[in-house]
Amino acid sequence: MANNKSGSSGARSPLSLVVAMALCCFFYLLGAWQRSGYGKGDAIAAAINHQAACSDNPSSSSSSSSTATGLTFETHHGGASTNASSSSPALPEIFPACAASLADHTPCHDQDRAMKFPRKNMVYRERHCPTAAAGDRRLRCLVPAPAGYMTPFPGPKSRDYVPFANAPYKSLTVEKAVQNWVQYEGAVFRFPGGGTQFPKGADEYIDCLATVVPFNSGHVRTVLDTGCGVASLGAYLDSRGVIAMSFAPRDSHEAQVQFALERGVPAFIGVLGSIKLPFPPRSLDMAHCSRCLIPWGANGGMYMMEIDRVLRPGGYWVLSGPPINWKANHKAWERTEADLAAEQQRIEEYAAVLCWEKVTEISEIGIWRKRSEPCPDRPAEARACDEANQDDVWYKNMEACITPPAGAGAGGELQPFPARLTAVPPRIMSVSVPGFTAESYEEENRRWERHVAAYKKVNYKLNTERYRNIMDMNAGVGGFAAAIFSPKAWVMNVVPTAAELSTLGVVYERGLIGMYHDWCEAFSTYPRTYDLIHGNGIFTLYKDRCKMEDILLEMDRILRPEGTVILRDDVEILLKVQRTVQGMRWKTLMANHEDSPHIREKVLYAVKRYWTAAGEDSEEQKNMGSSSEGKGSEE
């Protein structure tokens, strides 16, 4: 009898435990909902986090240590896949893979569409995005990585080597063979650091520039490299604490910008044509052209005036190649002396109109400096640009006019880098950004330090060289980029055209880089060019402007396989995002705001799964429940 009684008690014990746990969870969720006052959405997010913590790490009492359970931020180079079943009864929309031929799809720089536009002023090389009005259809599929795709090498090796499978184009190795641009060596491309104007290497070229341009002092931090080629100048400036924003058109030289980004160098597809550059006035410390083929003396000096617009007072302009020192080089350039002499004369005249001081002419290099003070003797015929809203440059026509200087009390001089990263920028000191004071600016930076500290508790790889190319889709004053700053990484700080405030000038005054962009359109870059994408309130900002799915598909296009996404937004919006990306081969996990689980703002972490065009015929990758991650992935 005693044995029977004991056995009966043991049989009831597990059932009682299950009932107790169920009641505990029910009252926990009910209490959280009642205390929060935020309604159904907040309770769902709390349940997601509580469930993840309980089921995956029941022994942990720290929410920050358990939020990333189930996600891996490592990279893998293989193509093996593992199965993972979905517990969701209602399946999200499944986005199929695009054709393998679209592996390098760049929607706003499509070659076929470009040929329909005028050649004058390089209009056909500018942005021309698909539009419904023109009968264009946006792709509703996932751009695949090419077969054999690998995560790029970490720095500093990435500067010199790129896996051939990531950008399998050899044309530049033939066309620029004698100039040391790039060499094909089996499974990799090697970049010796050469260029058209510096065949002996970028380091020697930069040493020459440094005899005039103060790179070492920290006063020249941000550089614009026009017609950058494979961006060797930017790659070698990086080791000197200088960051270059490089751009080149998508033209017959395949993969110039793609190579630059694979090397870990900031770059975008673009051209100096008829539309203003996507930068604010008075932002960059130096602009550079090395045999960039831009007709600087044409169109009434319009291109030089555009460079003047984006150069800060005291900034430098470097022109390397024709027509500088034409007397010694006209035969090698296969141009007449009269033609080259006239071109240099026009450049010198427009430089005088802009009040640029010619600092030196070394061999084939000319260096000018923009005056720090207003120009006292500018010719009367020099037309000033409209002073109204100088930051409004998105799709605005370039003009042959001179951008007015900053108003009185512009906030003082910039500090050398890295001090300027944390110092209060002149635009804030002069109250040029409505709503920002020195105190509120510093509080904004402290807020982002707290956010990034919380990110690092979830994703410890943020403290390593795992992420080289980073994008902030809604940068504000650059708080995220400053908080995550590392010499081993760079951040493309995007200020959306839909943003209430134009803060990109502040970003540049901090010694960071970025550009304007409208996220209803595709970004001017190749696929798979960013390791990490951060978005703060981006879907709230574009809620009534364009489809959430289109923005997510664009994020997927530019994110590398096994790249990471971090999104901050309202819980209701993030739940919709989380559901959508289940059909995009992303793995996700929701986390509470670091200050309180009762704050509506949540954080969604995601990792894009590894898959390539070559694996699309397998049943495992056709099944959207599959992981498709690389060899050695940890679930």
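Keep in mind it's a predicted model, so treat the numbers as computed, not measured.

Undergrad: Please explain the sheet that holds strand E16 (residues 586-591) as it appears in this structure.
TA: Backbone hydrogen bonds hold the strands of a sheet together, and the pairing may be parallel or antiparallel. If you trace the seven strands from one edge of the open sheet to the other, you get E13-E12-E11-E14-E15-E17-E16, paired in mixed fashion. Each edge of the sheet is formed by a strand with only one pairing partner; in this case those strands are strand E13 (513-517) and E16. Neighbour-to-neighbour, the strand axes of the sheet open up by a mean angle of 20 degrees, direction not taken into account. This element, helix H19 (residues 548-558), spans strand E11 (469-472), strand E14 (530-536), strand E15 (559-570), E16 and strand E17 (601-608) of the sheet and lies at about 145 degrees to E15.

Undergrad: Any chance you could explain the state of the cysteines here in plain terms?
TA: Chemically, a disulfide is nothing more than a covalent bond linking the sulfur atoms of two cysteines. Applying the stated criterion to the full structure yields six disulfides. Residue pairing for Cys-385: its cysteine sulfur links by disulfide to Cys-401, the two sulfurs lying 1.9 Å apart. On the sign convention where negative is left-handed, the bridge of Cys-385 and Cys-401, at about 100 degrees about the S-S bond, is right-handed. On the criterion of sequence distance, the pair formed by Cys-385 in the loop between strand E10 (365-370) and helix H13 (419-422) and Cys-401 in the loop between E10 and H13 is long-range, its members being 16 residues apart. In terms of burial, Cys-385 and Cys-401 fall into one category: buried. For Cys-520, the disulfide goes to Cys-546, at an S-S distance of 2.3 Å. As the torsion about the S-S bond is roughly -90 degrees, the Cys-520-Cys-546 disulfide counts as left-handed.

Undergrad: Before we go on, may I ask you to explain the pattern of salt bridges in this structure?
TA: Oppositely charged side chains are able to pair whenever their charged atoms sit close together. Using the criterion set out here, one finds 31 salt bridges in the structure. Here Glu-348 and Lys-358 are joined by a salt bridge, their closest N and O atoms 2.7 Å apart. Of the two residues, Glu-348 sits in helix H12 (residues 337-353) while Lys-358 sits in strand E9 (residues 356-362), which places them ten residues apart along the sequence. Relative accessible area serves as the criterion here: at 25%, Glu-348 is assigned to the partly exposed category. Between Arg-450 and Glu-443 there is a salt bridge, and its shortest N-O distance comes to 3.9 Å. By relative accessible area, which is 39% here, Arg-450 ends up partly exposed.

Undergrad: Looking at this structure, I do not really get the pairing of E9. What am I missing?
TA: Successive residues of a regular strand alternate their side chains across the two faces of the sheet. Note that E9 and E10 share six bridges and pair antiparallel. Considered in E10, the bridge of Trp-356 is made with Lys-370. In textbook terms, the turn of a hairpin is the stretch between consecutive antiparallel strands, and for E9 and E10 this stretch comprises two residues, one of which, Ser-363, has a positive phi near 55 degrees.

Undergrad: Looking at this model, I keep getting lost on unusual backbone geometry. Mind explaining?
TA: Note: most residues except glycine have negative phi, and most peptide bonds are trans. With an omega of 0 degrees, the peptide bond between Gly-155 and Pro-156 qualifies as cis. Its location among the elements puts Pro-156 in the loop between helix H4 (111-114) and helix H5 (157-160). Between Phe-417 and Pro-418 the backbone carries a cis peptide bond, its omega angle lying at 15 degrees. Along the polypeptide, Pro-418 turns up in the loop between E10 and H13. Although it is not a glycine, Asn-299 sits at a positive phi angle of roughly 55 degrees. As for its placement among the helices and strands, Asn-299 is situated in the loop between strand E7 (284-290) and helix H10 (302-310).

Undergrad: Help me understand the packing of helix H11 (residues 326-333) against H12, please; the structure alone is not making it clear to me.
TA: A pair of packed helices can be characterised by two numbers: the angle between their axes and the separation between those axes. Put simply, H11 and H12 touch, their axes get as near as 9 Å, and they point 125 degrees apart. Taken together, the axis directions place H11 and H12 in an arrangement best described as oblique. For H11 against H12, the interelement crossing comes out right-handed. Within the contact between the two elements, H11 uses Trp-326, His-330 and Trp-333 and H12 uses Glu-337, Leu-340, Ala-341 and Gln-344.

Parameters at a glance
Residues numbered from 1 in each chain as written. Predicted model: local features only at pLDDT ≥ 70, side-chain atom pairs only at ≥ 80, totals over all residues. Heavy atoms only, no water. Pairing = 2+ DSSP bridges. Helix = DSSP H or I, 4+ residues; strand = E, 2+ residues; numbered from the N terminus. Axes fitted to C-alpha atoms, helices over the stretch in contact; angles between N-to-C directions. Contact = heavy atoms within 4.5 Å. Disulfide = S-S within 2.5 Å. Buried < 20%, exposed > 50% of the residue type's maximum accessible area, 1.4 Å probe, protein only. Salt bridge = Lys/Arg side-chain N within 4 Å of Asp/Glu carboxyl O. Parallel < 35°, antiparallel > 145°, perpendicular 65-115°, else oblique. Left-handed = near helix turned anticlockwise from the far one by under 90°.

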